[in-house]
Amino acid sequence: MTAPLLVGDQMTGGYGHTTILNGCSIALAQGEIAVIVGPNGAGKSTAMKALFGMLTLRSGSVHFEGEDITSLSPEERVSCGMAFVPQTQNIFTTMSVEENLEMGAYRRREGLGETMSQIFSLFPVLKEKRSQKAGELSGGQRQQVAVGRALMTRPKLLMLDEPTAGVSPIVMDELFDRIIEVARSGISILMVEQNARQALMIADKAYVLVQGANRYTDTGQALLADPEVRKTFLGG
Ligand SMILES: Nc1ncnc2c1ncn2[C@@H]1O[C@H](COP(=O)(O)OP(=O)(O)OP(=O)(O)O)[C@@H](O)[C@H]1O
Ligand SMILES: [Mg+2]
């Protein structure tokens with residue numbers, strides 16, 4: 001097995017006195033697409049926040065490229081090569097598409113133009129609409145802005161929380177194709193998805209979270225073939 005890129009080990013924590021994550025473990029290797037699925041309120045977004053440093057863990061650890069990053073801030077994790085697109089409020093609606101992308105790279109000075117052209121070739125519609133306010137775009141296009149903004153930091157790992165939420169099936173397929181393309185370019189992907197079946201089809205590694213703990217962990221294909229997983233989480 002290739003060396004792990006990200007390892008969240010036995011993560012426990014929550015909000016105030018409420019424990020949401022109960023010893024949750026998530027890991028992926030360089031070049032992999034890993035997917036987290038599970039019912040509403042299972043703690044999927046909370047697990048993503050914990051991995052990105054937006055939640056203080058009560059116990060457990062997070063390692064990135066072998067380094068213990070448990071106590072690093074989200075900003076420091078960006079410097080390590082992590083990028084995160086949250087489930088909500090992931091773009092600046094009153095700013096133009098281009099300004100959103102520039103904001104993504106506010107800490108970089110060199111090679112911005114080159115990265116932006118890569119993002120425009122991945123998402124051609126963003127080039128077309130680069131001067132338009134991001135808030136005026138369709139749901140699928142806004143998600144492209146959010147992903148593009150995260151890619152502006154040139155991450156090693158791109159974390160996406162429900163990138164296809166609220167878009168039509170056609171737009172969803174299109175977004176999945178773009179995500180696969182990002183992965184092929186050498187950027188590892190960790191993604192939460194409510195379209196579990198489609199997500200598992202492209203997952204090298206998949207996690208089913210229930211009540212903040214790992215219920216199933218395997219390859220996407222293995223979970224798709226598991227009768228229990230199908231019955232309980234994939235509608236048969
Ligand atoms: N900021 C917060 N403060 C207090 N409780 C929270 C907060 N964010 C989430 N929760 C609670 O934590 C639990 C897990 O929420 P989380 O958003 O991680 O679930 P999820 O699996 O991402 O759900 P969904 O599929 O709806 O996105 C829920 O009970 C939720 O109400
Ligand atoms: Mg969520």
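On a predicted model such as this, the values are computed, not experimentally measured, just so you know.

Calculation notes
Residues numbered from 1 in each chain as written. Chains lettered and ligands numbered in written order. Predicted model: local features only at pLDDT ≥ 70, side-chain atom pairs only at ≥ 80, totals over all residues. Helix = DSSP H or I, 4+ residues; strand = E, 2+ residues; numbered from the N terminus. Contact = placed C-beta atoms within 7 Å. UniProt positions renumbered as here; feature names shortened; annotations may be inferred. Pairing = 2+ DSSP bridges.

### So, the environment of V210
Within the secondary structure, V210 is located in strand β9 (residues 205–210). Taking the C-alpha atoms as reference points, V210 and V125, separated by 85 residues in sequence, lie 37 Å from one another. Filtering out sequence-adjacent residues up to four positions away, V210 remains in contact with G38, P39, A42 and R215.

### Here we look at the UniProt feature "domain: ABC transporter" (unreviewed entry) in the protein
Here the UniProt feature "domain: ABC transporter" (unreviewed entry) sits at residues 5–236. Split by type, residues 5–236 is 38% helix and 27% strand. Its first and last C-alpha atoms lie 33 Å apart.

### A look at the sheet that holds strand β1 (residues 4–15)
Spatial ordering of the open sheet is given by β2-β1-β4-β5, a layout of four strands whose pairing is antiparallel. What marks the edges here is a single partner per strand, and that holds for β2 (18–29) and β5 (67–68). Here β1 pairs with β2 via nine bridges, running antiparallel. Note that in β2 the partner of Y15 across the bridge is T18.

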